[in-house]
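# Survey of secondary and tertiary structure
Each chain, letter by letter, is given below.
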Amino acid sequence: MKKTLFLFLAACLLCGQGNAFTLSPEAEISLLTCSPGNELYSLFGHTAIRVKDPAARFDRVFNYGTFDFGTPHFYLKYARGLLPYQLSHTDYRYFLHAYREEGRSVYEQRLRLDSLQKQRLLDILTENYRPENRSYLYNFLFDNCTTRSRDVILQSLADTVDWHAPQPVKSFWNLLDEYLFISPWVQWGIHTILGQGGNRTATAMEAMFLPDYLMHGLEHATLHDAPLADPPAILHQAPANRPPTHWYLLPATLFTAGFLLTLLLLRTTRSRALSHGIATTLFLFSGLVGCLIVFLGAFTAHPITAPNWNILWATPLNLLMLPFIWRRTVPPFVLLYLKAYIGILTIALPAWLICRPAVPMASLVLIVWMIFTGLLLLAEKTAGKTHKKTT
């Protein structure tokens, strides 16, 4: 009993200081895969590595997906994609309890490693946990908690792993949409602010940025023609997540309803104030979205943010039109801008059907709505200019 307690305390102390200890022959290392949650940060699931050594009463989970709210300029760094993530470790019981409380399933795959490979993997994790090594610049698609877990496993092996994973033949957008469909407004927002790079087909290894794809890839992986890991075992099976959003709350449905309501109201009331109010709302909304697109594409480290063809309809230049919407007469450059904007959007509609850029289907309704609103403004301002010349 005293020997076991000593080993446990020594293991915790050494690991906390970033120094590895020697695993016993009974030690096991496994990959933990957690199902998606309902919050934005958890929509795609999570991956961690469990190290269990019964002889030392050591059972901890190494997690590459943590960050520190105390980081200087936290929100600015988060927005720019420059927030450092960290490797942390916690007691397995607390880890599992947290996911049970969140209503998320947890699966475990025991790695079929020999003693040297297990020790090497723990040594790498412990080295990475040192204060000078534990932080890294998170990249959602190419360097996240899942890719880090996969890479340290591969680093611990002297030989090449044969994954035998079928090529997904899916773009990054296709992969993300498998998880975003239950949150259609988040899906529309992500498709709008991210760019054309998401249309690229992901390789089998690149698809493993998603926890489920790494879990299934590891299930088929072999080392020296022997399985690298056991099939996934269920540690906790959570009930099904929330149902998909009702059709009448989808972005495409609400955008279409808004456009049709605009047609109806303007046909029945012919109110200049109403027309200007709708135009102000649309140009303000599209201009602010355009500012966000420019910010993400030019001033952040987020992946696949540029080029982004949504900038054609959601352009910051629309904000410059706001002061002129309520005026009867406007400078000539306003008319030129409206003509160019309407022309670009009119060309963009058939181009979308041919080229299939990374523009959400729901945004096509917004494009039609913006064309209609632009034509109304152009007709009104042109008439105002003609009236001014006549008088």
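Throughout this description, residue numbers start from 1 for each chain and increase along the sequence as written. It should be noted that, the model being predicted, local features are given only for residues of pLDDT at least 70 and side-chain atom pairs only at 80 or more, the latter also being counted only at that level, while totals for whole chains, interfaces and linings use all residues. Think of the side-chain values as coming from all heavy atoms in the structure, minus any hydrogens and water.

Scanning the protein chain for helices and strands turns up 13 helices and 9 strands. With C-alpha atoms as the basis for the radius of gyration, the globule rule is written as 2.2 Å multiplied by the number of residues raised to the power 0.38. For 391 residues, the compact-globule formula gives about 21 Å, and the C-alpha radius of gyration of the protein chain, at 27 Å, lies well above that figure. Expressed along its principal axes, the backbone C-alpha trace of the protein chain runs to roughly 100 × 40 × 35 Å. By the burial criterion, 46% of the 391 residues in the protein chain qualify as buried. Contact between two residues is taken to exist if any of their heavy atoms lie within 4.5 Å; hydrogens are not considered. At a minimum sequence separation of 6, the contacts of the protein chain that also span at least 24 residues come to 78%. Taken as a whole, the protein chain presents about 19800 Å² of accessible surface, with 64% of it coming from carbon and sulfur. Asp and Glu are treated as the negative residues and Lys and Arg as the positive ones, with His and the ends of the chain left uncounted. To locate a charge, take NZ of a lysine, CZ of an arginine, CG of an aspartate or CD of a glutamate. Taking the 33 positively charged and 26 negatively charged side chains of the protein chain as two groups, their mean positions are separated by 17 Å. Each helix is a run of DSSP H or I of at least 4 residues and each strand a run of E of at least 2, with the numbering of both proceeding from the N terminus. When a residue's accessible area, from a 1.4 Å probe over protein chains only, is under 20% of the maximum for its type it is buried; when over 50% it is exposed; and in between it is partly exposed. All accessibility values rest on the Shrake-Rupley procedure with a 1.4 Å probe; residue burial counts only the protein chains present in the view.

Further remarks concern helix α4 (residues 115-128). Structurally, the α-helix is built with 3.6 residues per turn, so residues lying three or four positions apart point the same way. Across its 14 residues, α4 extends 20 Å between first and last C-alpha, which sits within 8% of the 20 Å expected from 1.5 Å per residue. Whenever two N or O atoms come within 3.5 Å, that pair is a polar contact, provided that in protein one can donate a hydrogen and the other can accept it, and provided that, for residues adjacent in sequence, both atoms are side-chain atoms. By the N-cap criterion, in which a side-chain oxygen at the helix start approaches the backbone nitrogen of a residue two or three places on, α4 is capped by D114, the distance to L116 being 3.1 Å. Expected helix span is given by 1.5 Å per residue-to-residue step, counting one fewer step than there are residues.

When helix α8 (residues 211-220) is considered as a whole, its buried residues turn out to be P211, L214, M215, G217 and L218. The buried residues of α8 occupy an angular sector of 165 degrees when the element is viewed end-on, so they sit on one face. Residues of α8 that are buried sit in contact with β1 (28-34), β2 (46-53), β5 (106-110) and α5 (145-155). Taking the helix axis as origin, the arc is that swept by the directions to the C-beta atoms.

With that settled, the discussion passes to the nonpolar core. What we call a nonpolar core is a set of buried Ala, Val, Leu, Ile, Met, Phe, Trp, Tyr and Cys residues that are connected through their side-chain atoms within 4.5 Å. Membership of the largest hydrophobic core comes to 36 residues, with the highest contact counts inside it found for V51, L111, L121, L125 and L228. Every element with two or more residues in this core is listed here: β1, β2, β3 (58-67), β4 (84-91), α4, α5 and α8. In terms of residue count, α4 provides more of this core than any other element does, 4 residues in total. When residues no more than four places from it in sequence are discounted, the contact partners of V51 are L23, E28, I29, F58, D59, R60, F62, L122 and L125. Grouped together as the second largest cluster of nonpolar side chains are 34 residues, F259, I278, Y337 and V365 included.

Turning our eyes to something else, we now look at the pattern of salt bridges. By salt bridge we mean one thing: a side-chain nitrogen of Lys or Arg within 4 Å of a carboxyl oxygen of Asp or Glu. In total, this model carries 13 salt bridges according to the counting rule given. Two residues, R110 and D230, come together in a salt bridge whose shortest N-O distance is 2.8 Å. With R110 in strand β5 and D230 in the loop between β8 (226-227) and β9 (233-236), the pair connects residues that are 120 residues apart, well separated along the chain. The exposure class of R110 is partly exposed, given its relative accessible area of 30%. Salt-bridge contacts for R130 lead to E127; the nearest nitrogen and oxygen are separated by 3.0 Å. Its relative accessible area of 24% is what places R130 among the partly exposed residues. A relative accessible area of 37% means that E127 is categorised as partly exposed. Here the residues in one salt-bridge network are R50, D59 and E108, joined through shared partners.

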